[in-house]
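What follows is the residue order along each chain.
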Amino acid sequence: MSNPALTAGATIGILGGGQLGRMLAMSAAQLGYRCHIYSPEKDSVAADVAAKFTCASWHDKAAMQAFASDCAAITYEFENVPVAPLSALSGGLLTPGTLPLEVAQDRYREKRFIEQLGGRPAPYAPVDHDTELDEAIRQVGTPGIMKTRRDGYDGKGQWRVETSAGAAGMRVPESGLVYEGLVHFDAEFSVILVRSRLGEVRFWDSTRNIHENGILARSELPAPAIVAGQVAEARALAQRAAEELGYVGVMTCEFFATSTGPVFNEMAPRVHNSGHWTIEGAVTSQFENHVRAVAGLPLGDTASLSARMVMDNLIGPDALDMARHLSDPAAHLHLYGKAEARAGRKMGHVTRVG
Ligand code: AMP
């Protein structure tokens, strides 16, 4: 790509206004950039730490144009940004582009994409109509998980199916479902990579990720031996995916470590919750390297600063007990500034290194 690197003072646009955007904006500020957040939600914890905020619908063409004309580069922190309005952004402004969004927004397309690259997702079947529910469950078997094809995150839009009659009364939404067989795994892990404009790829160490109720609760290093033994294969797949997508920036692939090797779960075309530990635990954080890649700067070292590290998510109403978190002087506390602490809502995280 021939675009010059962004100079200090330039404005980076971020589509999406949540905590990932907030931490991206803080890293961008460290490198001397300003951030302009675009989000349809008026309460934006990213906007709280950014120079500018446009609160408008994704489909507001005038607002999107004005936003684009203010930014030297634009990226996203949220994979469900609708793709159609982004076609108005002129060539090269959006990094990574729209293709990673198109693939990651549709669980069925994402699984087929990974299979074409030689990867192995859980057994699955698409369900487009109510009449296809029983056949999909018969084909894949039980137990399994019915998932919405679009707009699912943090375990939302998912239902366990225990028996062949488990879909009785279920209605298939217009955007469809995917039925997945339940994977018996020893551990879950993620591969987080960054790819530069020049195609250089670097990986952070893979953490073991522990989920509770479909939400990430903890990421920890070192990962158990079964994960360590499967990281090379998982990295090779993630790198092929990034190359196929012409990806620039940080990308995450989540895997199940099983007795027969890594099983692909899903990909996120963005910085990821299981990489928050890199702020204190790696030479260069996922947020800084994403900003560097988007800005066309050289990538930073992704090496871990310690072999031992734990990142705990702070979820729900109990999360804001600062005195308790800070009673450990080695704890790095991050609160996202969300006013309302609802059950299941990610309010912050705590990282302990070493
Ligand atoms: P997802 O939003 O699809 O990543 O699902 C959230 C979490 O639910 C995953 O991290 C797993 O802990 C669990 N999960 C999802 N799909 C499966 C599956 N096919 N087999 C076993 N566990 C699953």
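Small disclaimer: the values here were computed from a predicted structure and weren't measured.

1. Overview of helix H9 (residues 286-295)
Of all ten residues that make up H9, ten are buried, and the element is covered over most of its length. Buried residues of H9: Gln286, Phe287, Glu288, Asn289, His290, Val291, Arg292, Ala293, Val294 and Ala295, and no others. Those residues of H9 that are buried are in contact with strand E1 (11-15), helix H1 (19-30), strand E4 (73-76), strand E9 (187-195), strand E13 (249-258) and helix H8 (278-281). Note on H9: the residue one or two positions beyond its end, Gly296, has a positive phi of about 80 degrees.

2. Here we look at the pattern of salt bridges
Evaluation of the coordinates by the stated rule reveals 20 salt bridges. Across the pair Arg109 and Glu102 runs a salt bridge whose closest N-O atoms are separated by 3.6 Å. Glu102 sits in the partly exposed class, given a relative accessible area of 29%. Across the salt bridge formed by Asp321 and Arg324, the nearest N and O atoms sit 3.4 Å from each other. You can call Arg324 partly exposed: its relative accessible area is 47%. Beyond isolated ion pairs, a larger network of salt bridges with shared partners links Arg218, Glu220, Asp312, Asp328 and Arg352.

3. What to know about the domain arrangement of the chain
Domain annotation for the chain reports domain 1 (11-94), domain 2 (123-181) and domain 3 (187-353). Relative placement of domain 2 and domain 3: their C-alpha centres are 28 Å apart.

4. As for the side chain of Thr284
Here Thr284 lies in the loop between H8 and H9. Classification of Thr284 by relative accessible area gives buried; the value is 3%. Engagement of the side chain of Thr284 in a polar contact is seen with the backbone oxygen of Asp301, the distance being 2.9 Å. Beyond its immediate stretch of four places on either side in the chain, Thr284 contacts Trp204, Thr278, Asn289, Arg292, Gly300 and Asp301.

5. With respect to the sheet that holds strand E6 (residues 144-148)
Spatial ordering of the open sheet is given by E5-E8-E6-E7, a layout of four strands whose pairing is antiparallel. Whereas interior strands pair on both sides, the edge strands pair on one side only; in this sheet they are strand E5 (124-127) and strand E7 (158-161). Going across the sheet, the axis of each strand differs from the next one's by a mean of 20 degrees, ignoring polarity. Docked against the sheet, helix H4 (residues 107-116) engages E5, E6, E7 and strand E8 (177-181), running at close to 145 degrees with respect to E5.

6. Remarks on the packing of aromatic side chains
Applying the stated criterion to the full structure yields six aromatic pairs. With centroids separated by 6.1 Å and ring planes inclined at 65 degrees, the aromatic side chains of Tyr108 and Tyr124 adopt a geometry described as edge-to-face. With Tyr108 in helix H4 and Tyr124 in strand E5, the pair connects residues that are 16 residues apart, well separated along the chain. We classify Tyr124 as buried; its relative accessible area is 16%. Judged by centre distance (5.4 Å) and plane angle (20 degrees), the ring pair of Phe189 and Phe255 falls under stacked. Note that Phe189 is positioned in strand E9 and Phe255 in strand E13, a separation of 66 residues in sequence. The two residues Phe189 and Phe255 agree in class, both being buried. Among the aromatic side chains, those forming a connected cluster through ring pairs are Tyr38, Trp58 and Phe67.

7. Here we look at the sheet that holds E4
Across a sheet, paired strands are connected by hydrogen bonds in the backbone, their directions being either parallel or antiparallel. Here four strands make up an open sheet; going across it, the order is E3-E2-E1-E4 and the pairing parallel. Looking at strand neighbours, the two that pair on one side only are strand E3 (52-55) and E4, the edges of this open sheet. Within the sheet, the average angular offset between the axes of one strand and its neighbour, ignoring direction, is 20 degrees.

8. Things to note about the site of the ligand
Taken together, 16 residues lie around the ligand, and Lys147, Glu180, Val183, Glu188 and Glu266 are the ones closest in. The side chain of Lys147 places a nitrogen or oxygen atom 2.8 Å from an oxygen atom of the ligand. Here Val183 contributes a backbone N or O atom positioned 2.8 Å from a nitrogen atom of the ligand. Out of a free accessible area of 470 Å², the ligand has 91% covered by protein chains. For the shell around the ligand, the secondary-structure elements that each account for two or more residues are E6, E8 and strand E14 (261-268). Tallied by class, residues from the shell around the ligand come to five nonpolar, six polar and five charged.

Analysis parameters
- Residues numbered from 1 in each chain as written.
- Predicted model: local features only at pLDDT ≥ 70, side-chain atom pairs only at ≥ 80, totals over all residues.
- Heavy atoms only, no water.
- Buried < 20%, exposed > 50% of the residue type's maximum accessible area, 1.4 Å probe, protein only.
- Helix = DSSP H or I, 4+ residues; strand = E, 2+ residues; numbered from the N terminus.
- Contact = heavy atoms within 4.5 Å.
- Salt bridge = Lys/Arg side-chain N within 4 Å of Asp/Glu carboxyl O.
- Domains from an automatic or database assignment.
- Polar contact = N/O pair within 3.5 Å; in protein donor to acceptor, adjacent residues only side chain to side chain.
- Pairing = 2+ DSSP bridges.
- Axes fitted to C-alpha atoms, helices over the stretch in contact; angles between N-to-C directions.
- Phe/Tyr/Trp six-rings, centres within 6.5 Å; stacked < 30°, edge-to-face > 60°.
- Near = heavy atom within 4 Å.
- Areas by Shrake-Rupley, 256 points an atom, 1.4 Å probe, with all protein chains shown as cover.
- Nonpolar A, V, L, I, M, F, W, Y, C, P; charged D, E, K, R; others polar.

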